[in-house]
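# A closer look at the structure
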Amino acid sequence: MKTLLLVDLQRDFLPGGALAVPDGDQVIPYANRWLPQYDCVVASKDWHPPGHASFASQHPGHRPGDTIRLDGLEQLLWPDHCVQDTPGAEFAPALQTEGIRQVFLKGCDPRIDSYSALFDNAHRRATGLEAWLRQQGVQELDVMGLATDYCVRFTVLDALACGFRVRVLAAGCRGIEQQPGDIDRAWQAMQSAGAEVHFGPAP
Ligand code: VGL
Ligand code: ZN
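Residues numbered from 1 in each chain as written. Chains lettered and ligands numbered in written order. Predicted model: local features only at pLDDT ≥ 70, side-chain atom pairs only at ≥ 80, totals over all residues. Heavy atoms only, no water.

### Quick word on the site of ligand 1
We count it as follows: A molecule or strand has a residue near it when one of that residue's heavy atoms lies within 4 Å. Polar contact is the term for a pair of N or O atoms within 3.5 Å; when the atoms are in protein, one must be able to donate a hydrogen and the other to accept it, and sequence-neighboring residues count only if both atoms are side-chain atoms. Here the accessible surface of atoms and residues is derived via Shrake-Rupley with a 1.4 Å probe, and residues count as covered only by protein chains that are part of the display. Under the convention adopted here, Pro, Cys and the residues Ala, Val, Leu, Ile, Met, Phe, Trp and Tyr are nonpolar, Asp, Glu, Lys and Arg are charged, and Gly plus all remaining residues are polar.
The environment of ligand 1 is made up of Asp8, Phe13, Leu19, Asp46, Trp78, His81, Tyr115, Leu146, Ala147, Tyr150 and Cys151. Here Asp8 contributes a side-chain N or O atom positioned 2.7 Å from an oxygen atom of ligand 1. In the environment of ligand 1, an oxygen atom lies 3.0 Å from a nitrogen or oxygen atom belonging to the backbone of Ala147. Computed on the free molecule, ligand 1 has an accessible area of 260 Å², of which 100% lies beneath the protein chains in the complex. Its residues placed into classes, the shell around ligand 1 shows eight nonpolar, one polar and two charged.

Quick look at the structure:
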């Protein structure tokens, strides 16, 4: 079953949003064009409770971009973003969402971040995506979305570790590049872990 995973195509990651990914809006037309070509389309949403521990606003004296230790894990701090049931957490307005079969929420635990759409950053809790895909008999997954160097990267690495064959649709991804080279390193990490990167205009 040809399956597409849309990672975090939410308002806050678009230009003008709280955690804007440069040119993030440019991937939406690709999603709309590709969606009908798949038997199964699923999506993840970054879905933080208010006051999530990954928000710099919760750590007096810190600013977005600072790194702290949070319950033993390194945590990069972000502006408040994708707060549950707020407009910023909604899907990109231009995204054709009717074809999305199932949405998986991540980052819901107030104390731990979740870049991956499968597990939180400490691999303590699953989002249900892996189990759902297995139940559907899915073995191969195409992935696109935001951001290349965070949620796409960690989603792809987890999916590979779970044994799925993963193809990343590069035209449908944009990165944050918090540090110069982050996006390049993300592509390298995904490829060396076994992901196939598809650079063409269509899957
Ligand atoms: C993301 C940073 C914080 C992402 C989510 O979707 O890539 N990045 N939360
Ligand atoms: Zn987040």
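### Observations regarding the coordination of the zinc ion (ligand 2)
Under the convention used in this document: Think of the donor list as every N, O and S atom within 2.8 Å of the metal, or within 3.2 Å for Na, K and Ca; water never makes the list, so a site can look incomplete. Think of it this way: with four donors and all angles in the 85 to 135 degree range, the site is tetrahedral; with four or six donors, opposite ones beyond 155 degrees and the rest between 65 and 115, it is square planar or octahedral; otherwise it is irregular. Numbering of helices and strands starts at the N terminus; helices are DSSP runs of H or I of at least 4 residues and strands are runs of E of at least 2. Using a 1.4 Å probe on the protein chains alone, a residue whose accessible area is under 20% of its type maximum counts as buried, one over 50% counts as exposed, and one in between counts as partly exposed.
Within the first shell, the zinc ion (ligand 2) binds the protein through Asp46 (OD), His48 (NE2) and His81 (NE2), at distances of 2.0 to 2.2 Å. One can describe the donor arrangement at the zinc ion (ligand 2) as irregular, given that its four donor atoms subtend angles of 89 to 170 degrees at the metal. Counting the intervening residues between successive donors of the zinc ion (ligand 2) yields the motif D-x1-H-x32-H. Taken as a pair, Asp46 in strand S2 (residues 40–46) and His81 in the loop between strand S4 (73–76) and strand S5 (102–106) lie far apart in primary sequence, 35 residues in all. Grouping residues by exposure puts Asp46 and His81 together as buried.

### Structural notes on empty space enclosed by the protein
Rule in force here: Using a 1 Å grid laid over the protein atoms alone, points where a 1.4 Å probe fits but cannot get out form a cavity; open sets with protein on both sides within 12 Å along at least 5 of 7 lines form a pocket; any residue with an atom within 4 Å of a point counts as lining. Grid points are joined across faces, edges and corners, and a volume is the space filled by probe spheres set on the points.
Under the defined criterion, the tally for this structure stands at two cavities of 30 Å³ or more. As for the largest cavity, its lining consists of 14 residues, of which Phe13, Leu19, Asp46, Tyr115 and Cys151 are closest to the centre. Within the lining of the largest cavity, the residues separate by chemical class into nine nonpolar, two polar and three charged. Taken as a whole, the second largest cavity holds about 60 Å³ of empty space. Taken together, Leu70, Asp71, Leu73, Gln75, Arg111, Ile112, Asp113, Asn121 and Arg124 make up the lining of the second largest cavity. Here the lining of the second largest cavity is built from residues that sort into three nonpolar, two polar and four charged.

This is a description of form; function is not addressed.
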